[in-house]
Amino acid sequence: MGKYVGIDLGTTFSAVAYIDEKGNPIIIPNKQGENITPSTVLFGGKKPVVGSVAKRKSITDPKNYEAFAKRHMGEKTYNFTAKDGETYRAEEISAIILSKLKSDSEEFLGEKIEGAVITVPAYFGDPQRQATRDAATAAGLKVLDIINEPTAAAIAFGISKNVGKAQKVMIYDFGGGTFDVSILDIDDNSIKVIATNGDHQLGGYDIDKAIVDYVKEEAKEQGLDVDSDIKALQNLMIQAETAKKELSSDDSTEISIYVKGEDLTVELDRETFEDLIETILDTTIGVMQRTIDEANLEYSDIDKILLVGGSTRIPIIQSLIEEETGIKPSSEVHPDEAVAIGAAYHAVDVVKQMASGEFDTSSSTGDEKEKIDVNSDDVPDLEKNYSFKDVTSHGIGIVVYNSDEDRLYNSVIMEKNTEIPAEVVQEGYSTSAPYQECIHLQVTQGESDNLDYVTMIGDAELKVRPRENIVPLRVIVSCDRDAIIHVRAIDMDENIDLGEVSINREKHNMTEEEVRAAATRINKLNIGD
C-alpha cells in the first residue's frame, strides 16, 4: 500500500495534498500542524531545519538561512554558502524542502509516498523544469508527472465547481516568487491551455522588498543604516511580509525593529503601500494584456478570472484587474491550496493511466523514466476526470548561421503556445564538408532571433557516418508533456534514423552523477528524523 500525492513546490510556501478513498481532496498538514510549509531552510545545526521554525530562527542566524531558492532553479552558477563553508545548489535546497514534505506526509498518512505530481510555474523553461525533476530525485521522490501551476488550479476548480458549459478562464497566479497568466478553455471534462505568459522573477517577494526599501529610507532619515545590521535586515524582511498581509485587511500597520541596538518604528498606511507597489502591479497587468493579445482574444471573451497565489489577497490587485478587464475576479479556489489539490487529482488520473498502460513515460533523455510500479487500487475512482492539453511557454529554436549577414541567429522552429506534446520537423541541415562525422547543434528557448535574448538550453552532437559527399539531415525537435525538449535526426542520404540525440544540459542542470551525489548527501542529513 502507498499514497500518491500532489506537491505544490512554491517559492515562499509549499503544500501537499492527496485524494482520500471517498474522492475528497485533503491537504496534508506538516508536523507543526500547518497546511502550508514555508519554503525556507536554516543550516548551522546538526541538520538543516525547514519551514516556519527555520524562518523564526533566521533572525538570529541570517547567514545560515536560505529562502527563494526556486528563483534560482536551473542556474548552475548559483550556490548558497552556509557559515561552515558548505555550498548548496538551488536543486539541493529544493530537495531538502521536498524531503521535509515527504517525511511529514508519510508520518501523517502512516504510509509511504509512492509517487508525486509536482507543479511548476507555467513560465518555467526547460532548465527550471529539469532542475525540479532533479530536486525530486535527490529527495527520493518518484515523479509521476510535472504540470503547470495554473493548469493544476484549473483542475481543482473544474472538479470542485462542476463546470458545465464551456468557459474561457483566465488564471492570474501571483505567488510569492513567480507570476503567471494563463488562458484556458474549460468544459465538463477537459482543459485546454490557449496561451500563457509570466515572469519567474516576479512575485510577493518583490512586494516585500518594496516595503523593505521604504523602511530603509525612513531609517536613514533617523540616522540608522539597516544594511549595516544583518540581523535587523533579516527581521525587517520577515516583518515586511507580515505588514503586507495586515494591509490586506487594515488601513495601516507598524514595523518595529532594532538596528544596532536602537529602536526603529515605521508606520505604513495602505495608500503609501499601494504607491510603493504600483510598478510591480502594472507589470502584471501588462502580462495579462500580452497574454490576451497572443491568444487573439479580447477581455470580453473571458468568462471568468480566477485568482491563485497568496499575493492575490491584496485588495488593490483585485481592483486593478476589474478596472482593466471589466470582470470581477473570482476567489472560488483556495489561493494557497488549489494548486496542490489539482496536482493530487491529476496524480489519481496518472496512476489509473499508468496501470492501464496508457500514460506516456518517455523522458527528457528519450529513455523510459524511472519505472514506477503503480497500484490503481490505492487511489479512488473519481466521478470526474479531467484531460488537459498544455502549451509551450517559450519558443524553441536552433542556432543557425546566416551566410549573407555573416552572423549566428536563433531560428525558432516551434512557436510559443504550441500545444504539447508536439514535434516539428526541420530540413535544410547538412554536413558542410566531405567525411564530416558530426554536426554541432545548439538548442534554444525564446522568441527573438537575437541570441542575446534567448536561453541556450544546451548542445547536441549529431553523429553521422562519414562519406565523401555532403550528407543532408532532417532534424526533429519535440517537446514532451513535461515541456522538456528532445532532439532526434534522420540521415536523409541513407534514410537512417539516427535516433534521440542527447542534449548536454550541463550549462544549466546537474549531471546524473551530480544528482546521485546530491541524493546521497541529502539522505545523510536525515531531514525527516
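Since this is a predicted model, take the numbers as computed values, not measurements.

Trainee: How should I be thinking about the sheet that holds strand β26 (residues 485–491) in this particular structure?
Mentor: Hydrogen bonds between backbone atoms are what pair the strands of a sheet, whose relative direction is either parallel or antiparallel. Overall, antiparallel pairing links the four strands, which are arranged β22-β25-β26-β27 in an open sheet. Because the sheet does not close on itself, it has two edges, and the strands there are β22 (422–430) and β27 (496–501). On average, each strand axis in the sheet is inclined to that of its neighbour by 20°, with strand direction left out of account. Strand direction decides the pairing type here: strand β25 (residues 472–479) and β26, joined by seven bridges, are antiparallel. If you follow Cys479 over to β26, its bridge partner there is Ile485.

Trainee: Explain helix α9 (residues 315–325) here, please?
Mentor: Given 3.6 residues per helical turn, the α-helix brings residues three or four places apart onto the same face. Among all positions in α9, only Ile317, Ile321 and Thr325 are buried. All buried residues of α9 project into a common sector of 45° when viewed along the axis, lining one side. The inward-facing, buried residues of α9 contact β12 (167–174), α8 (278–294) and β17 (304–308). Positive phi shows up at Gly326, right after α9, with a value of about 80°.

Trainee: Please clarify how the sheet that holds strand β13 (residues 179–186) should be interpreted in this entry.
Mentor: On the basis of which strands lie adjacent, the open sheet formed by six strands has the order β17-β12-β13-β14-β18-β21 and mixed pairing. The sheet is open, and its two borders are formed by β17 and β21 (419–420), each paired with just one other strand. One ladder, built from two bridges, connects strand β18 (residues 387–391) with β21; its direction is antiparallel. Among the inter-strand pairings, Asp390 is bridged to a residue of β21, identified as Ile420. The strands touched by α9 within the sheet are β12 and β17, with β17 carrying the most contacts at an inclination of about 160°.

Trainee: Looking at this model, I keep getting lost on the side chain of Gln445. Mind explaining?
Mentor: Here Gln445 lies in strand β23 (residues 438–445). With sequence-adjacent residues up to four places away left out, Gln445 is seen in contact with Gly125, Asp126, Pro127, His394, Gly395, Ile396, Val454, Thr455, Ile457, Ala483 and Ile485.

Trainee: How do you make sense of empty space enclosed by the protein when you look at a structure like this?
Mentor: Which parts of space are left empty comes out when a probe the size of a water molecule is rolled across the atoms. In the structure shown here, the tally under the stated rule is four cavities of 30 Å³ or more. Here the largest cavity is characterised by a volume of approximately 70 Å³. Contributing elements (two or more residues each) for the lining of the largest cavity: β2 (13–19) and α2 (90–109).

Trainee: How do you make sense of the packing of aromatic side chains when you look at a structure like this?
Mentor: Aromatic ring pairs are reported here in terms of the distance separating the ring centres and the angle at which the planes meet. Taken as a whole and judged by the stated rule, the model has six aromatic pairs. Look at Phe43 and Tyr88: their rings are 4.3 Å apart centre to centre, the planes differ by 20°, and that puts the pair in the stacked class. Here Tyr88 lies in strand β9 (residues 87–88) and Phe43 lies in the loop between β5 (40–42) and β6 (49–50), a separation of 45 residues in the sequence. Here Tyr172 and Phe174 contribute two aromatic rings whose centre-to-centre distance is 6.2 Å and whose plane-to-plane angle is 80°, an arrangement assigned as edge-to-face. With respect to burial, Tyr172 and Phe174 carry one shared label: buried. Members of the aromatic cluster, each reached through a chain of ring pairs, are Phe43, Phe80 and Tyr88.

Cut-offs applied
Residues numbered from 1 in each chain as written. Predicted model: local features only at pLDDT ≥ 70, side-chain atom pairs only at ≥ 80, totals over all residues. Heavy atoms only, no water. Pairing = 2+ DSSP bridges. Helix = DSSP H or I, 4+ residues; strand = E, 2+ residues; numbered from the N terminus. Axes fitted to C-alpha atoms, helices over the stretch in contact; angles between N-to-C directions. Buried < 20%, exposed > 50% of the residue type's maximum accessible area, 1.4 Å probe, protein only. Arc of directions from axis to C-beta. Contact = heavy atoms within 4.5 Å. 1 Å grid on protein atoms, 1.4 Å probe; cavity = no way out; pocket = protein on both sides within 12 Å on 5 of 7 lines; lining within 4 Å. Points joined across faces, edges and corners; volume = space filled by probe spheres on them. Phe/Tyr/Trp six-rings, centres within 6.5 Å; stacked < 30°, edge-to-face > 60°.

Such coordinate-based values are descriptive only and should not be taken to indicate function.
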